[in-house]
Number of protein chains: 2
Amino acid sequence: MRETVTPALGADSEDPRRGARTLVEFAYEAMRQDILRGALIPGERLRVEALKDTYKVGASTLREALTLLVGEALVTAEGQRGFRVAPISLKDFEDATRVRKLIELEALRESITNGDDDWEAGVVASFHRLSKVEEQFKSQDRATLSGEWEERNRAFHAALIAATHSRWLNHFIDILYQQSERYRRIALAGRAVNRDVHNEHMAIKEAALNRDSDEACRLSELHIDRTFEALSKMFQAQQGE
Amino acid sequence: MRETVTPALGADSEDPRRGARTLVEFAYEAMRQDILRGALIPGERLRVEALKDTYKVGASTLREALTLLVGEALVTAEGQRGFRVAPISLKDFEDATRVRKLIELEALRESITNGDDDWEAGVVASFHRLSKVEEQFKSQDRATLSGEWEERNRAFHAALIAATHSRWLNHFIDILYQQSERYRRIALAGRAVNRDVHNEHMAIKEAALNRDSDEACRLSELHIDRTFEALSKMFQAQQGE
DNA sequence: GTCAAATAAAATCTCGAGATTTTTGATTTT
DNA sequence: AAAATCAAAAATCTCGAGATTTTATTTGAC
């Protein structure tokens, strides 16, 4: 019979389920990360029989996790022909970037109008956290920090638009941000960004806190465009290999 | 042993699987329709054990179908606490309408710029088909035609924006159109629309074919706003009961 | 009587085996 | 040799039973 006593602290760091409530969520999160990292290659077939063993879950559980990823457009499914990692292309990257701009700028504008003190605090705090990890890039190895940078960068951009009331804008931004994260990570392939993103972030932060929504949107658009330009070159070079 | 010969034509109208390639797709489509119709009530719990019998599929198959609907925001899921029909609210309806306007007008503008002869033909044809069924409203019973009207209305709006190159705009429009369809069908509850939608559609069609994107967008926005105004009143009256 | 703990019931979640379909490869025919 | 046919292999899809968790009910303590 199984012991019902709560295990000692630290023991649950061994728990393969982490924070997931269900095995579906666990498999979903593991595969999501593997797709964003590029470990699961775009276009690759996702065979249930094989992935069962990789992620240590049953067939139905795995299919349900894959179906969740279909809803986020990280996986495609075709009846009787299985699942695949969603393919990537410059055209799709361009399209996703364009639509993300449309939606994110709308959300940013509203957020700057609505934002209260908590919103300002969130922007300041997340920018600070992001700056700290960017500071370390100058000395430390980039690869070990990139996971942390990804998370803090996401948090900063989320904080900027946190004061939007629109659930739908937020939902679509989440999806498109995730798409752009995949393109960024695949294009960079572990390398460092070679332009001054920090100053762009700071300028956006300043404009937002000054409640200058036109300027903040202008700078944000510039930021997204510049990022796309830089990454699309790397992407093309990489795909052309 | 089961006969392997292809059944006679007409016999497959008895096939509960219809056009679906898999049972997952079949259950997904059946539940989708039931949610859009309001037969499955917003907020209602979706018990796998019960729905298994209703849709005549196994537990895993049903869960996979439900998970597909989670991706379209028609169903919500909470770990270890099951699935629910996505709740509705005036606030959500308002938000979905706002974001749909943002995205759909962008798509319409691009479509009018890009549209070729095939696009024009599609707009003319779908408008004609929609007009025909609206004609019949004057004489025939509305309830029997409403399914056909829904489909043709959807087709007309899809034809207008068919020339967008953006897969992402189209994807989000599909999701938001479906949301608005649910609100419309629930708010109307089988009743007829009491304003002249036909003329609004015609005006949009004319502007689009004249390649007057500003005017087409203006009229389209007006159309969406008026529809929202009318439906939101019915919706509030209904929810207040 | 109220609260809490223990128990029972109900529901979700999970698994792996089997049915169905697709894909691959071998054989035959033109 | 190319195309078509058939058989074998591999993969998807599907099911229902059992494990786990949540929810409802009962019992007991104060």
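Residues numbered from 1 in each chain as written. Chains lettered and ligands numbered in written order. Predicted model: local features only at pLDDT ≥ 70, side-chain atom pairs only at ≥ 80, totals over all residues. Heavy atoms only, no water.

Engineer: What exactly am I supposed to notice about the protein's contact with DNA strand D here?
Structural biologist: Among the 22 residues in the neighbourhood of DNA strand D, the closest are listed as Arg63(A), Gln80(A), Leu23(B), Gly58(B) and Ser60(B). In DNA strand D, the atoms that sit within 4 Å of the protein are 82% sugar and phosphate, with bases accounting for the remainder. At 2.4 Å from a phosphate oxygen of DNA strand D is found a side-chain nitrogen or oxygen belonging to Arg63(A). For the surface near DNA strand D, the secondary-structure elements that each account for two or more residues are β1 (45-46), α2 (48-55) and α3 (59-71) of chain A together with α1 (23-37) and α3 (59-71) of chain B. Broken down by element, the residue count for the surface near DNA strand D peaks at three residues, all from α3(B). The residue inventory of the surface near DNA strand D, partitioned by class, reads six nonpolar, nine polar and seven charged. (Near = heavy atom within 4 Å. Polar contact = N/O pair within 3.5 Å; in protein donor to acceptor, adjacent residues only side chain to side chain. Helix = DSSP H or I, 4+ residues; strand = E, 2+ residues; numbered from the N terminus. Nonpolar A, V, L, I, M, F, W, Y, C, P; charged D, E, K, R; others polar.)

Engineer: Where do I start with the sheet that holds strand β3 (residues 82-85) of chain A in this structure?
Structural biologist: For sheets, the rule is that strands pair by backbone hydrogen bonds, running either parallel or antiparallel. Residues and elements named next belong to chain A. Pairing within the open sheet is antiparallel, and its three strands lie in the order β1-β3-β2. Whereas interior strands pair on both sides, the edge strands pair on one side only; in this sheet they are β1 and β2 (75-78). Pairing of β2 with β3 involves four bridges; the strand directions are antiparallel. Across the sheet, the residue bridging to Val75 is Val85, located in β3. (Pairing = 2+ DSSP bridges.)

Engineer: Mind showing me how you'd approach the nonpolar core here?
Structural biologist: Considering soluble globular proteins, one finds that nonpolar side chains tend to be buried as a cluster. Core analysis: the largest hydrophobic core is formed by 63 residues, its most contacted members being Ile103(A), Phe172(A), Ile103(B) and Phe172(B). For this core, the element with the highest residue contribution is helix α4 (residues 90-114) of chain A, accounting for eight residues. Leave out the neighbours within four places in its chain, and Phe172(B) touches Val99(A), Ile103(A), Phe172(A), Ile175(A), Leu176(A) and Ile103(B). (Core = buried A, V, L, I, M, F, W, Y, C linked by side-chain atoms within 4.5 Å. Buried < 20%, exposed > 50% of the residue type's maximum accessible area, 1.4 Å probe, protein only. Contact = heavy atoms within 4.5 Å.)

Engineer: What's the story with the packing of aromatic side chains in this structure? I'm lost.
Structural biologist: Both the distance between ring centres and the angle between the ring planes are used here to describe each pair of aromatic rings. A complete count under the given rule lists 13 aromatic pairs over all chains for this structure. A centroid spacing of 5.7 Å and a plane angle of 70° characterise the contact between Tyr183(A) and Phe235(A), whose relative ring orientation is edge-to-face. Highlighted residues: Tyr183(A) in helix α7 (residues 167-188) and Phe235(A) in helix α9 (residues 213-240), separated in sequence by 52 residues. Each member of the pair, Tyr183(A) together with Phe235(A), is buried. Ring geometry for Phe93(B) against Tyr183(B): centres 4.5 Å apart, planes inclined by 15°, an arrangement best described as stacked. Pair noted here: Phe93(B) is in helix α4 (residues 90-114) and Tyr183(B) is in helix α7 (residues 167-188), with a separation of 90 residues, a long-range link. (Phe/Tyr/Trp six-rings, centres within 6.5 Å; stacked < 30°, edge-to-face > 60°.)

Such coordinate-based values are descriptive only and should not be taken to indicate function.
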